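Residue-level listing of the chains:
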Amino acid sequence: MSNIKLSKDIAQKIVSEMMDVIPYNINVMDENGIIIGSGDVNRIGNIHEGARIAINDQLRNEIHENGEKIKSGINEPIIINDKIIGVIGITGNTDEVIKFSKLVRVTAVLLIEQSIINEEMQNKLLNSQKFYQDLAHRTSEYDDEFHERAKSYGLDLTKKCQAILVYTNVNSSAFRLLCNKFSHYYDVDDNKVVFFSTSDYNTIFILNDIEKSADINKICLGGEEHFAAVSLKNAELSMEFGIKIKPSALIYNYDDLKFFIHLSYDNKESLISIFLNLDKSGHKLELIKTIQSYVEQNGDINKVASSLNIHRNTLNYRLDRIKQLTGKNPKILLELFELLCGLIWR
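Here's a quick rundown of the structure. (Residues numbered from 1 in each chain as written. Predicted model: local features only at pLDDT ≥ 70, side-chain atom pairs only at ≥ 80, totals over all residues. Heavy atoms only, no water.)

1. A closer look at a negative patch on the surface
- On the surface, a cluster of negative charge is contributed by Asp 200, Glu 224, Asp 255 and Asp 256.
- Turning to its location among the elements, Asp 200 is positioned in helix α7 (residues 200-212).
- Look at Asp 200 and you get exposed, because its relative accessible area is 52%. (Patch = residues over 30% accessible without salt bridge, like charges linked within 9 Å, V, L, I, M, F, W, Y side chains within 5 Å. Areas by Shrake-Rupley, 256 points an atom, 1.4 Å probe, with all protein chains shown as cover. Salt bridge = Lys/Arg side-chain N within 4 Å of Asp/Glu carboxyl O. Lys, Arg positive; Asp, Glu negative; His and termini not counted. Charge placed at Lys NZ, Arg CZ, Asp CG, Glu CD. Helix = DSSP H or I, 4+ residues; strand = E, 2+ residues; numbered from the N terminus. Buried < 20%, exposed > 50% of the residue type's maximum accessible area, 1.4 Å probe, protein only.)

2. Regarding the sheet that holds strand β7 (residues 185-189)
- Strands sit in the order β7-β8-β6-β9-β10 across an open sheet of five strands; the sheet is mixed. Two strands in the sheet have a free side with no partner beyond their single neighbour: β7 and β10 (251-253). Going from strand to strand, the sheet's axes swing by 20° on average, the running direction of each strand aside.
- By the bridge criterion, three bridges tie strand β9 (residues 216-225) to β10 in an arrangement that is parallel. From the neighbouring strand, Leu 221 faces β10, where its bridge partner is Asn 253.
- Running over the sheet, α7 touches β6 (161-168), β8 (192-197), β9 and β10 and is turned about 170° from β9. (Pairing = 2+ DSSP bridges. Axes fitted to C-alpha atoms, helices over the stretch in contact; angles between N-to-C directions. Contact = heavy atoms within 4.5 Å.)

3. So, the packing of aromatic side chains
- In total, this model carries 14 aromatic pairs according to the counting rule given.
- Between Phe 260 and Phe 337, the aromatic rings sit 6.0 Å apart at their centres with planes inclined by 5°, giving stacked as the arrangement. With Phe 260 in helix α9 (residues 254-262) and Phe 337 in helix α15 (residues 333-345), this residue pair connects regions lying 77 residues apart in the sequence.
- Residue Phe 337 is classed as partly exposed on the basis of its relative accessible area, which comes to 35%.
- Grouped by ring-pair contacts, the aromatic residues Phe 131, Tyr 132, Tyr 142, Phe 146, Tyr 153, Phe 196 and Phe 227 constitute a single cluster.
- In this arrangement the basic side chain of Arg 138 is found over the ring face of Phe 146, its NZ or CZ atom lying 4.6 Å from the centre.
- It is Lys 244 that lies over the ring of Phe 241; its NZ or CZ is 5.6 Å from the centre. (Phe/Tyr/Trp six-rings, centres within 6.5 Å; stacked < 30°, edge-to-face > 60°. Lys NZ or Arg CZ within 6 Å of the ring centre and 35° of its normal.)

4. Overview of the sheet that holds strand β1 (residues 25-29)
- The strand order across the open sheet built from five strands is β2-β1-β5-β4-β3, with neighbouring strands paired in antiparallel fashion. Each edge of the sheet is formed by a strand with only one pairing partner; in this case those strands are β2 (35-38) and β3 (61-63). Between one strand axis and the next, the sheet turns through 20° on average, direction left out of account.
- Of the strand pairs in this sheet, β1 and β2 are connected by three bridges, and their pairing is antiparallel. Opposite Asn 27, over in β2, you have Ser 38 as the bridge partner.

5. Observations regarding the environment of Arg 321
- Topologically, Arg 321 is positioned in helix α14 (residues 312-326).
- Given a relative accessible area of 30%, Arg 321 falls into the partly exposed group.
- Considered as a pair, Arg 321 and Ser 7 are 314 residues apart in the sequence and their alpha carbons are 74 Å apart.

6. Let's talk about empty space enclosed by the protein
- Applying the stated criterion across every chain, the model contains one cavity of 30 Å³ or more.
- Approximately 50 Å³ is the volume attributed to the largest cavity.
- What lines the largest cavity is Asn 27, His 48, Ile 63, Lys 71, Ser 72, Gly 73, Ile 74, Asn 75, Gly 89, Ile 90 and Thr 91.
- Going through the elements one at a time, β4 (73-80) and β5 (83-91) are the ones with two or more residues in the lining of the largest cavity.
- A class-by-class count of the residues in the lining of the largest cavity yields three nonpolar, seven polar and one charged. (1 Å grid on protein atoms, 1.4 Å probe; cavity = no way out; pocket = protein on both sides within 12 Å on 5 of 7 lines; lining within 4 Å. Points joined across faces, edges and corners; volume = space filled by probe spheres on them. Nonpolar A, V, L, I, M, F, W, Y, C, P; charged D, E, K, R; others polar.)

7. Here's the deal with the layout of surface pockets
- Each pocket or cavity is described by its volume, and for the largest pocket that value is around 400 Å³.
- Lining the largest pocket are 22 residues, and of these Asp 255, Asp 256, Leu 257, Lys 328 and Glu 338 lie nearest its centre.
- For the lining of the largest pocket, the secondary structure elements donating two or more residues are β10, α9, α10 (269-272) and α15.
- Among the elements that take part in the lining of the largest pocket, α9 stands out by supplying seven residues, more than any other.

8. Considerations on unusual backbone geometry
- Its identity is not glycine, yet Asp 82 carries a phi of approximately 65°, on the positive side.
- Relative to the helices and strands, Asp 82 resides in the loop between β4 and β5.
- Residue Asp 82 is classed as exposed on the basis of its relative accessible area, which comes to 79%.
- At Asn 309, a position not held by glycine, the phi torsion is positive, near 60°.
- By secondary structure assignment, the location of Asn 309 is in the loop between α13 (301-308) and α14.
- When its relative accessible area of 70% is taken as the criterion, Asn 309 is described as exposed.

Structure representation (structure tokens):
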């Protein structure tokens with residue numbers, strides 16, 4: 001609370017609050033004795049002689065009679081951190097208004113201190129949003145200064161970061177409560193907010209609460225990446241592709257959709273790589289023929305077994321083996337499609 005300066009807005013707020021309680025005119029002066037808030041707006045901007053005396057003497061100034069440029073009343077210095085930042089005056093019969101002097105002074109100090117706290121909180125929020133905005137866009141190495149900034153907000157960027165992109169009404173009061181609960185977030189625009197997480201536990205914790213919210217339209221996970229900005233981009237891509245493949249789903253996960261996302265890329269190496277383990281196995285040709293037959297026979301187990309001249313149990317064993325080696329289950333349509341594309345570009 002250093003270098004506190006009494007603003008016109010808070011001065012007028014003090015006037016309004018106090019004149020609702022006591023039947024006298026209130027004036028608020030700055031540290032130079034200039035009226036910056038008053039029940040008589042015509043006096044704003046004028047020098048208040050009684051306030052100047054209170055500032056110079058650093059004591060309450062009581063004026064018992066009206067003069068040419070001065071009115072009777074009480075002028076109390078407003079002291080915060082042992083420093084006079086202004087004066088509050090009550091105009092009226094001194095013997096009457098003195099009864100309200102302490103109440104007015106204490107209330108003024110409380111209102112000023114509250115305004116300072118509110119301003120500090122607002123500045124803290126703006127600074128945090130600036131950091132998370134930088135985090136959402138930075139794709140260069142995090143230097144020591146950036147790591148320290150992250151650490152000050154409780155985020156450990158030595159770990160991989162996951163972006164959780166939420167499509168919602170960001171102005172919903174219920175959703176704002178969620179944002180306050182999970183402080184690592186950034187308002188992308190009026191319809192999107194991204195949360196950042198560097199731990200699986202925290203990600204689960206965030207998802208559990210977000211899924212329960214009635215304001216949520218879609219949730220997109222960007223996967224764990226060294227750069228939060230890369231994960232955010234992946235989350236945006238998962239929305240772009242997920243809405244086309246599974247329009248009714250609530251959650252889109254980049255790790256589940258990256259195959260289809262990569263279909264739009266010129267370089268298909270990542271798609272072909274799912275066959276690396278299969279190629280290294282001793283039975284790669286029979287497994288590849290199994291995939292081809294499974295596609296040809298539209299997944300009809302009896303027809304596939306017959307075309308390969310093997311027993312159903314042997315076929316099921318091969319399908320399980322393909323799943324083990326590639327991570328893709330031929331019995332699941334989209335994963336079978338991945339295997340087929342891998343074969344095409346292999």
